[in-house]
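# A closer look at the structure
In case you want the letters, here they are:
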Number of protein chains: 2
Amino acid sequence: MGAESEGNAEYRLVSERDLRRVVKDIFVALGAPPADADVVAAVLVAADLRGIESHGVGRVRLYVKDIRNNVISPLTTITLVRESPTTAVLDGGNGLGQVTARRAMETAIEKARQAGCASVTVRGSNHFGIAGYYAMMALPHDMIGLALTNSSPVMVPTYARQAVLGSNPIALAVPAGQRRPYVLDMATTVAPLGKMEVYMRKELPIPLGWGVDREGQPTTDPAEAYWHGGLMPLGGPAMTSGYKGYGLSLGVDVFSAVLSGASFASQIIPWQNTRTEAANIGHFFSAWRIDSFMPPSEFKERMDELIHLMHEAPKVVGEERIYIPGEKEFELTERRQKEGIPVHLKVIENLSQIGDELGVDCGVLEP
Amino acid sequence: MGAESEGNAEYRLVSERDLRRVVKDIFVALGAPPADADVVAAVLVAADLRGIESHGVGRVRLYVKDIRNNVISPLTTITLVRESPTTAVLDGGNGLGQVTARRAMETAIEKARQAGCASVTVRGSNHFGIAGYYAMMALPHDMIGLALTNSSPVMVPTYARQAVLGSNPIALAVPAGQRRPYVLDMATTVAPLGKMEVYMRKELPIPLGWGVDREGQPTTDPAEAYWHGGLMPLGGPAMTSGYKGYGLSLGVDVFSAVLSGASFASQIIPWQNTRTEAANIGHFFSAWRIDSFMPPSEFKERMDELIHLMHEAPKVVGEERIYIPGEKEFELTERRQKEGIPVHLKVIENLSQIGDELGVDCGVLEP
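Residues numbered from 1 in each chain as written. Chains lettered and ligands numbered in written order. Predicted model: local features only at pLDDT ≥ 70, side-chain atom pairs only at ≥ 80, totals over all residues. Heavy atoms only, no water.

## Digging into the interface of chain B and chain A
Tallying the contact residues gives 87 residues for chain B and 87 residues for chain A. Summed over both sides, the interface of chain B with chain A buries roughly 7100 Å², with 71% coming from carbon and sulfur. At the boundary of chain B with chain A, the tally comes to 0 salt bridges. Applying the counting rule to chain B against chain A returns 36 residue pairs in polar contact (both at pLDDT 80 or more). Within the residue set of the side of chain B that touches chain A, elements represented by two or more residues are β2 (79–84), β3 (87–91), β4 (117–125), β6 (170–174), β7 (182–186), α8 (242–258), β11 (281–289) and α9 (296–311) of chain B. (Contact = heavy atoms within 4.5 Å. Buried area = accessible area lost by both parts, 1.4 Å probe. Salt bridge = Lys/Arg side-chain N within 4 Å of Asp/Glu carboxyl O. Polar contact = N/O pair within 3.5 Å; in protein donor to acceptor, adjacent residues only side chain to side chain. Helix = DSSP H or I, 4+ residues; strand = E, 2+ residues; numbered from the N terminus.)

## Section: the environment of Arg336(B)
By the secondary structure assignment, Arg336(B) is in helix α10 (residues 327–339). Put simply, Arg336(B) and Gly97(B) are 239 residues apart on the chain and 25 Å apart in space, counted from C-alpha to C-alpha.

## Focus: the relation of the copies chain B and chain A
Relative to chain A, chain B is turned by 180° and slid 0.0 Å along the rotation axis, the superposed coordinates differing by an RMSD of 0.0 Å. Accordingly, the operation relating the two chain copies is best matched by a two-fold axis. Within chain B, Gly235(B) has its C-alpha nearest the rotation axis, a separation of 2.1 Å. Both copies contact each other with a shared surface, as 100% of the interface residues of chain B are interface residues in chain A too. (Least-squares fit on C-alpha atoms with pLDDT ≥ 70 in both.)

## Topic: the confidence of the model for chain A
A low pLDDT score tells you not to read the predicted coordinates there in detail. Scored by pLDDT, chain A has a mean of 95; 98% of the residues are at 70 or more. The ipTM assigned to the predicted complex is 0.97, against a pTM of 0.97. (pLDDT = per-residue confidence, 0-100.)

## Observations concerning helix α6 (residues 193–202) of chain B
Residue pairs spaced three or four apart in an α-helix point in one direction, given the helix's 3.6 residues per turn. Of all the residues in α6(B), the buried ones are Leu193(B), Met196(B), Val198(B) and Tyr199(B). Looking one or two residues beyond α6(B), the residue adopting positive phi is Glu203(B), at roughly 55°. (Buried < 20%, exposed > 50% of the residue type's maximum accessible area, 1.4 Å probe, protein only.)

## Focus: the sheet that holds strand β5 (residues 143–149) of chain B
Hydrogen bonds along the backbone pair up the strands of a sheet, which may run parallel or antiparallel. Residues and elements named next belong to chain B. Taken in spatial order, the 7 strands of this open sheet run β2-β3-β4-β11-β5-β6-β7, and their pairing is mixed. Each of the sheet's edge strands pairs with one partner strand only, and the pair in question is β2 and β7. For this sheet, the mean inter-axis angle between neighbouring strands, taken without regard to orientation, is 10°. As paired strands, β4 and β11 are joined by 7 bridges and run antiparallel to one another. Paired with Cys117 across the strands is Trp288, a residue of β11. (Pairing = 2+ DSSP bridges. Axes fitted to C-alpha atoms, helices over the stretch in contact; angles between N-to-C directions.)

## Some thoughts on the packing of helix α1 (residues 16–29) of chain B against helix α3 (residues 60–68) of chain B
Residues and elements named next belong to chain B. Contact geometry for α1 and α3: axes closest at 11 Å, N-to-C directions at 5°. One element, α1, and the other, α3, form an angle in the roughly parallel class. Along its contact with α1, which presents Val23, Ile26 and Phe27, the element α3 presents Val60, Tyr63, Val64 and Ile67. Split by residue class, the contact of α1 with α3 holds 7 nonpolar, no polar and no charged. (Parallel < 35°, antiparallel > 145°, perpendicular 65-115°, else oblique. Nonpolar A, V, L, I, M, F, W, Y, C, P; charged D, E, K, R; others polar.)

## Some points on the side chain of Ser241(A)
Secondary-structure assignment places Ser241(A) in the loop between β10 (230–231) and α8 (242–258). Looking at Ser241(A), its side chain comes within polar contact range of the main-chain oxygen of Val190(B), at 2.5 Å. Among residues more than four places away in sequence, those in contact with Ser241(A) are Leu234(A), Gly235(A), Val190(B) and Leu234(B).

## Digging into the nonpolar core
Grouped together as the largest cluster of nonpolar side chains are 115 residues, with contacts concentrated most on Met310(A) and Met310(B). Judged by nonpolar contacts, the second largest core, of 65 residues, contains Leu30(B), Ile130(B), Ile341(B) and Ile354(B). (Core = buried A, V, L, I, M, F, W, Y, C linked by side-chain atoms within 4.5 Å.)

## Structural notes on the pairing of strand β3 (residues 87–91) of chain A
Residue and element names in this part refer to chain A. Most of β3 sits inside the fold, with 5 of its 5 residues counted as buried. Judged by which residues are buried, β3 turns out to be covered on both faces: Thr87, Val89 and Asp91 on one side and Ala88 and Leu90 on the other are all buried. As defined by bridge partners, strand β2 (residues 79–84) adjoins β3 across 5 bridges and the pair is classed as antiparallel. What sits directly across from Leu80, in β3, is Leu90. Taking the residues between adjacent antiparallel strands as the criterion, β2 and β3 are bridged by 2 residues. The pairing of β3 with strand β4 (residues 117–125) spans 5 bridges and is classified as parallel. Note on β4: the bridge partner recorded for Val89 is Thr121. A crossover links β3 with its parallel partner β4, the connecting element being helix α4 (residues 97–115), and its sense is right-handed. (Right-handed = clockwise from strand over helix to strand, strands pointing away.)

## Considerations on the pairing of strand β12 (residues 341–344) of chain A
All names here are of chain A. Alternating residues of β12 divide into Ile341 and Val343 and Pro342 and His344, and every residue in both groups is buried. Pairing geometry for strand β1 (residues 11–14) and β12, over 4 bridges, is antiparallel. Bridge assignment links Leu13 to a residue of β12, and that residue is Pro342.

## Concerning empty space enclosed by the protein
A full pass over the atoms with the stated rule returns 3 cavities of 30 Å³ or more. Put simply, the largest cavity is a space of about 410 Å³. For the largest cavity, the lining is made up of 24 residues, of which Leu146(A), Ile170(A), Leu146(B), Leu148(B) and Ile170(B) are closest to its centre. The leading source of residues in the lining of the largest cavity is α8(A), at 5 residues. Here the lining of the largest cavity is built from residues that sort into 21 nonpolar, 3 polar and no charged. Size it by volume and the second largest cavity reaches roughly 40 Å³. Lining the second largest cavity we find Cys117(A), Ala118(A), Ser119(A), Ser286(A), Trp288(A), Cys117(B), Ala118(B), Ser119(B), Ser286(B), Ala287(B) and Trp288(B). Tallied by class, residues from the lining of the second largest cavity come to 7 nonpolar, 4 polar and no charged. (1 Å grid on protein atoms, 1.4 Å probe; cavity = no way out; pocket = protein on both sides within 12 Å on 5 of 7 lines; lining within 4 Å. Points joined across faces, edges and corners; volume = space filled by probe spheres on them.)

## Points about the packing of α8(A) against α9(B)
Remark: α8(A) packs on α9(B), axes separated minimally by 11 Å, with the N-to-C direction vectors making an angle of 145°. Note that α8(A) runs across α9(B); the crossing there is right-handed. Counted together, Tyr246(A), Leu250(A), Asp253(A), Val254(A), Ala257(A) and Val258(A) of α8(A) and Phe299(B), Arg302(B), Met303(B), Leu306(B) and Met310(B) of α9(B) form the full contact between these two elements. (Left-handed = near helix turned anticlockwise from the far one by under 90°.)

## Thoughts on the packing of aromatic side chains
A complete count under the given rule lists 20 aromatic pairs over all chains for this structure. A ring pair is formed by Tyr133(A) and Tyr134(A), whose centres lie 5.4 Å apart and whose planes are at 70°; its orientation type is edge-to-face. For Tyr134(A), a relative accessible area of 0% corresponds to the buried category. For the pair Trp288(A) and Phe255(B), a centre-to-centre distance of 5.0 Å together with 70° between the ring planes defines the contact as edge-to-face. Of this pair, Trp288(A) sits in strand β11 (residues 281–289) while Phe255(B) sits in helix α8, placing the two residues on different chains. Among the aromatic side chains, those forming a connected cluster through ring pairs are Phe128(A), Tyr133(A), Tyr134(A) and Phe285(A). Positioned above the aromatic ring of Tyr323(A) is the side chain of Lys328(A), whose terminal nitrogen or guanidinium carbon lies 4.7 Å from the ring centre. (Phe/Tyr/Trp six-rings, centres within 6.5 Å; stacked < 30°, edge-to-face > 60°. Lys NZ or Arg CZ within 6 Å of the ring centre and 35° of its normal.)

Here's what the structure looks like:
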């Protein structure tokens with residue numbers, strides 16, 4: 001997790017503050033209101049802080065392309081389609097996914113504050129970055145947060161030979177007491193598409209179980225999986241229960257898209273392609289107020305105990321730690337907030353070029 | 001899925017009605033009220049109908065043992081610990097898990113009917129059979145249903161060498177229109193413990209990726225995984241993202257047990273052991289009223305379209321169908337309701353013996 005970028009000559013350290021400023025300015029120059037641009041920058045940089053480079057500032061170029069092609073609107077006009085005391089349906093108006101997602105999770109939290117638990121579904125949105133960002137918004141409110149989103153097809157279902165489902169991530173955030181919160185943020189594929197690119201660049205075979213070829217058979221060739229086959233669902237082939245990961249991915253599409261009116265499965269156009277129409281991505285958010293069930297102080301002590309039981313379990317020889325979901329990412333974030341965020345030189349070059357074109361000062365990215 | 005029992009000389013066909021009657025009578029003889037015994041029988045037989053033999057009537061002997069040892073009470077006294085318009089905490093009073101779980105899901109459905117969505121968490125319960133049974137209770141109400149439960153430790157977390165988490169299943173049921181509903185009902189382990197027993201009996205190696213040995217290393221020896229190691233989380237080893245299945249399992253423990261006051265993780269005593277104290281198992285149930293988000297007729301058409309996209313995806317050569325979660329189980333149920341349920345001769349022998357001891361007529365199980 002992020003280890004590849006540590007002390008690597010292909011990366012340059014940039015401070016969180018500088019990186020956020022550059023990304024924000026780029027989105028402002030593209031026509032986004034400063035407050036919205038700030039949200040987009042915060043979510044993208046949060047991914048880099050947490051070591052999820054595939055969803056970080058390296059994606060700015062994709063947003064820029066789509067905004068320039070009038071496929072994403074830099075002005076995010078959110079409509080409330082339907083509402084009850086515990087539910088809402090929002091339409092993101094084909095604006096910035098991060099802005100709509102943030103508003104939707106705020107709505108879920110506010111409704112849960114009044115009602116105990118609440119769920120908000122979203123249509124008419126775009127790729128929103130890391131799902132974990134929105135689930136974690138529940139933490140300071142002593143709530144449990146859930147965030148789901150569908151995405152462009154990359155997953156090949158069990159017995160299929162074509163990618164027809166997204167990597168459809170599931171993010172769940174739960175507060176703890178003395179320990180760091182539990183934050184699960186997982187694609188329902190075994191590996192992310194970005195890993196295929198890394199292995200292609202390094203000319204290394206991928207581990208068996210990550211991807212399939214154009215015939216739907218397991219492959220170790222990252223280019224074949226990337227260009228012609230697709231990614232395996234969590235669990236791998238049927239023999240090791242890959243149909244469970246496929247089933248989870250379908251479930252994410254149900255909550256995010258079937259329920260909201262968004263596009264789903266192969267209806268979504270691959271992001272890598274030059275699109276001419278709106279993606280109509282869907283999201284889903286839930287929040288549970290812990291004190292509806294138990295005093296939060298007691299709950300947090302119990303979470304600490306659960307985490308303790310995992311940490312103290314007997315370990316495989318050679319392994320020093322058993323991790324809780326999110327633990328590595330919190331540690332990485334703390335280090336990168338102090339030492340800076342490693343940004344790939346190609347990404348820096350790309351941001352600088354975009355900055356030049358838009359009149360945004362990217363001097364802080366240079367050594 | 002259930003295929004091993006088809007046309008197998010070690011199995012005898014018993015009608016659904018007869019099997020339910022025998023199981024019900026056994027629980028009545030043990031002291032359960034007839035209505036409660038009927039719920040237990042319905043849930044156990046539903047597992048056999050759906051081909052989930054590991055959770056079917058073969059488990060009756062375990063309940064009988066625990067009731068006789070005064071470890072489970074046949075009288076299920078459910079207490080409402082805490083309540084809001086959208087949430088509830090129930091204590092199952094160490095009674096029959098199926099009875100408490102059914103009441104809890106009914107509570108979630110009734111609250112969702114009033115409020116839009118609702119969640120109910122349960123402590124002081126016991127093993128409740130298949131999670132899918134309770135999630136599916138939402139379907140006739142045009143709701144989406146979710147059911148989670150924790151269970152005795154069988155899963156070895158990533159980098160550990162001891163089973164400290166349950167198979168902690170996730171069940172999700174979603175209504176469709178012309179198509180059968182989507183019903184995901186999955187353990188968060190790769191394979192169930194029952195499969196280790198099957199492979200031990202047949203003296204066959206298990207596929208690599210199902211279990212680990214006492215050192216926490218992948219093994220193909222089912223006895224080693226069963227007796228000394230444990231089951232791998234969905235995803236297998238870390239290289240194929242087993243930490244995701246481990247993370248999901250932990251999440252199930254959070255909702256089912258940390259939030260309810262139940263025991264969790266290695267606090268739960270293995271069911272196979274002779275227990276002397278209550279298991280204090282926890283469950284979690286949620287229901288979402290579809291018309292809070294979208295007219296149910298429109299939602300169901302959209303579900304049909306999602307299912308259609310999966311069915312019509314290009315297939316691997318040699319495979320004729322791509323399945324939706326629950327589809328195989330619905331087809332099997334329909335066939336077994338007509339032709340009878342294959343029950344293993346050992347299970348029949350066991351039920352007959354219990355029947356003899358309790359004065360329950362098990363003649364219908366004989367040829």
